[in-house]
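Coordinate analysis (summary)
Chain by chain, the residues:
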Amino acid sequence: MENYKCKSVGIIGAGIQGVCIGLQLVKKGIPVTIFDRNDPLSFDFKPSSYGNAGHFSPYAVLQFNRPDILYDVPKMLFSSYGPLALKWNYVAKMIPWFLRYLKNCNKKSMLNTAKNMHQILNLSNDAYEEIFKEIDTSKLVEKKGIIYVWTNKNLKSRKLEIKIRNDLGIEQKLLTQKEILDLEPNLSPVFDAGVIYEKAMHAKDPHGILKAIFRLFLNKGGNYIQENIIRLKQINNNQTIIKSEDQEYSFEKTVIASGAFSKNLTDQLEENIPLDTERGYHVHFKDMESLISRPVIFLDRGFGMTPMNQGLRAVGTVELGGLKNPPSKKRLDYLIRCAKELLPQLKNHEDEWLGFRPTLPDFLPVIGPSLKNKNIIYAFGHHHLGWTLGAITGKIISGIVAEEKTNLDLSPYSSKRFN
Ligand SMILES: Cc1cc2nc3c(=O)[nH]c(=O)nc-3n(C[C@H](O)[C@H](O)[C@H](O)COP(=O)(O)OP(=O)(O)OC[C@H]3O[C@@H](n4cnc5c(N)ncnc54)[C@H](O)[C@@H]3O)c2cc1C
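To start, this report covers the structure provided alongside it. Not measured: the values here are computed from a predicted model. (Residues numbered from 1 in each chain as written. Predicted model: local features only at pLDDT ≥ 70, side-chain atom pairs only at ≥ 80, totals over all residues.)

On to the sheet that holds strand β21 (residues 376–380), then. Pairing is mixed in the open sheet, where 6 strands are placed in the order β10-β2-β1-β14-β21-β20. Pairing within the sheet leaves two strands with one partner each, and these edge strands are β10 (223–226) and β20 (366–369). Pairs of neighbouring strands in the sheet enclose a mean axial angle of 20°, with direction left out of account. Here strand β2 (residues 32–36) pairs with β10 via 4 bridges, running parallel. In the sheet register, D36 faces β10, and the bridge partner there is Q226. Its contacts with the sheet place helix α1 (residues 16–27) against β1 (9–12), β2, β14 (253–256) and β21, and it is angled at close to 170° to β2. (Pairing = 2+ DSSP bridges. Helix = DSSP H or I, 4+ residues; strand = E, 2+ residues; numbered from the N terminus. Axes fitted to C-alpha atoms, helices over the stretch in contact; angles between N-to-C directions. Contact = placed C-beta atoms within 7 Å.)

In structure tokens:
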């Protein structure tokens, strides 16, 4: 084992970023403590990394900053049966984020996001495969590809998106309605065509995978403390104090991996990073998971279904409404109606869940040192792809902590872009 100089690291957040970063650091022999207000091994642990759709999506280089979204947004916001919704009491707070987002809705920014997402997405599955060698994934991971379906009414930038993926060398196989129904015969034929990413995999239990990685971290000597962190204090360049309500902990380096809540901490460092959240929901249809063999996403509706150990998970939609608003019954109803449109066999649902995607207005994460202190390192803002990017973020951040050289160009993920 190499002898790294770093004496101690504190990580705030035990979501998928936090546990993967922790694991890579203990593997390097660096002493590390993860903090989270909820115990990752408990039933109360329900952050984004618990409730997501479970897609490992290395192909998903394109996000919502496409040029033609501007035509759709007003219609989507005012329709109660659309993939995008707004909590009106949050509009004023969301304006700075939204203005920056609008600036990014053009072809140039779309290609910039695609190129820089591709750089890390392309390494994402291999990074997980390395971890999977050390945990039993036989009941946790399935490799049957992921299908997206759509109607011809709503093609939008689809041709451009397919071309961009082709140009980046991403494998995608376009499918007719019949070919989709041959693969997933229980689906109702309410779509016209689609695509399958044959090499994609999915989690049958994202929380189960996170717990297995967390246990591996503990077994290798990692430390966990259940605390709600309220303050970060820089003593000097080589010492940060992490403060909870009644305790203080001192570390040489600190990693902020607190998902959509990271802004509470970065604001204290006087960096105005425009992180906000895209809220998303899930419900389960118990014992219905065998109706489909792999995740199916209905693009027109902005939702998908994933067969999981807990049941068939209907998951998705985007709601702009911040971290404090309660869940919206209307959004959950929308999700349930969408699921029943594709699978009319579905009946009662359970486990209503709201989660917070951490999203920057250019749909790139923030991965790298803070601007004020190179020993405070950021790992958040992975929006719709934070599950996919957990393992590779762990490798990148541990490399930054250990001051290793990298061939990756990490400049696109720096928080400098907002200053
Ligand atoms: C509906 C939905 C579907 C999704 N589907 C997919 C998908 O299929 N594929 C994909 O790649 N991604 C998906 N995502 C996105 C993905 O889930 C997230 O990007 C990812 O889980 C974020 O991980 P994280 O570790 O950054 O944050 P989180 O999972 O949110 O974890 C952050 C942790 O930090 C802790 N924390 C925060 N602040 C503090 C504090 N002050 N003190 C102590 N602890 C703190 C929280 O308790 C939490 O446990 C989806 C998200 C949603 C909402």
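Here the narrative resumes, following the displayed structure.
This brings us to the site of the ligand. Of all residues adjacent to the ligand, which total 41 residues, the nearest are G13, G15, G259, G280 and G386. Put simply, the parts of the chain that give the shell around the ligand at least two residues each are α1, β2, α2 (48–51), β15 (276–285), β18 (311–320) and β19 (350–359). Across the shell around the ligand, the residue classes break down as 15 nonpolar, 23 polar and 3 charged. (Near = placed C-beta within 6 Å. Nonpolar A, V, L, I, M, F, W, Y, C, P; charged D, E, K, R; others polar.)

Glancing now at the packing of α1 against helix α9 (residues 206–219). Two numbers describe how α1 lies on α9: the axes approach to 9 Å, and their chain directions differ by 30°. By the angle class used here, α1 and α9 are roughly parallel. When you trace α1 past α9, the crossing you get is left-handed. Here I16, V19, C20, G22, L23 and V26 of α1 lie close against α9, whose contacting residues are L210, I213, F214, L216 and F217. Considered class by class, the residues forming the contact of α1 with α9 number 10 nonpolar, 1 polar and no charged. (Parallel < 35°, antiparallel > 145°, perpendicular 65-115°, else oblique. Left-handed = near helix turned anticlockwise from the far one by under 90°.)

Time to look at the packing of helix α6 (residues 124–132) against helix α12 (residues 390–401). Remark: α6 packs on α12, axes separated minimally by 7 Å, with the N-to-C direction vectors making an angle of 85°. As far as their axial angle goes, α12 and α6 are roughly perpendicular. In this structure, α6 uses S124, A127, Y128 and I131 to contact α12, whose residues at the interface are A391, I392 and K395.

In this section: the environment of F214. Summarising the element assignment, F214 is placed in helix α9. Separated by 205 residues in the primary sequence, F214 and V9 place their C-alpha atoms 16 Å from one another. Excluding its chain neighbours within four sequence positions, the residues that come into contact with F214 are A14, V19, P40 and L41.

To continue, consider the nonpolar core. Residues V19 and A379 are the most contacted members of the largest nonpolar core, which totals 103 residues. Broken down by element, the residue count for this core peaks at 7 residues, all from α1. Not counting residues within four places of it along the chain, the set of residues in contact with A379 comprises Q17, I21, V255, I256, A257, I367, T393 and I397. (Core = buried A, V, L, I, M, F, W, Y, C linked by C-beta atoms within 7 Å. Buried ≥ 20, exposed ≤ 12 C-beta atoms within 10 Å, placed from the backbone.)

Looking now at α12. For α12, built from 12 residues, the straight-helix expectation of 16 Å at 1.5 Å per residue is met to within 8% by its first-to-last C-alpha distance of 16 Å. Positive backbone phi, at 55°, marks E403, one or two positions downstream of α12. (Expected span 1.5 Å × (residues − 1).)

In an α-helix there are 3.6 residues to a turn, and that puts residues three or four apart on one side. A rise of 1.5 Å per residue sets the reference length of helix α5 (residues 107–121), with its 15 residues, at 21 Å; its end C-alpha atoms lie 20 Å apart and thus fit the reference within 8%. Those residues of α5 lying buried are S109, M110, T113, A114, N116, M117, H118, I120 and L121. Elements that come into contact with the buried residues of α5 comprise α6, α7 (158–167) and α12.

Turning next to the sheet that holds strand β9 (residues 201–203). Strand order in this open sheet of 3 strands is β3-β9-β5, and the pairing throughout is antiparallel. Taken across any chain shown, the strands that pair with only one partner, and hence form the sheet edges, are β3 (55–56) and β5 (141–142). Of the strand pairs in this sheet, β3 and β9 are connected by 2 bridges, and their pairing is antiparallel. For H55, the partnering residue across the bridge sits in β9 and is H202.

This brings us to the environment of N325. Structurally, the position occupied by N325 is in the loop between β18 and α11 (329–342). Along the sequence, N325 and Y90 sit 235 residues apart, while their C-alpha atoms lie 8.5 Å from each other.

Relative to strand β12 (residues 239–244), strand β11 (residues 229–236) is paired through 6 bridges, and the arrangement is antiparallel. The residue of β12 that forms the bridge with L232 is I242. In textbook terms, the turn of a hairpin is the stretch between consecutive antiparallel strands, and for β11 and β12 this stretch comprises 2 residues.

We now examine unusual backbone geometry. Of all residues except glycine, most have a negative phi; of all peptide bonds, most are trans. With phi around 60°, E270 is a residue other than glycine that occupies positive phi space. Secondary-structure assignment places E270 in the loop between α10 (262–266) and β15. Take E270: there are 9 C-beta atoms within 10 Å of it, and that puts it in the exposed class. Within the chain, T317 stands out as a residue other than glycine whose phi angle is a positive 65°. One can find T317 in strand β18. The class of T317 is buried, set by 23 C-beta atoms lying within 10 Å.

Keep in mind these values describe shape, not function.
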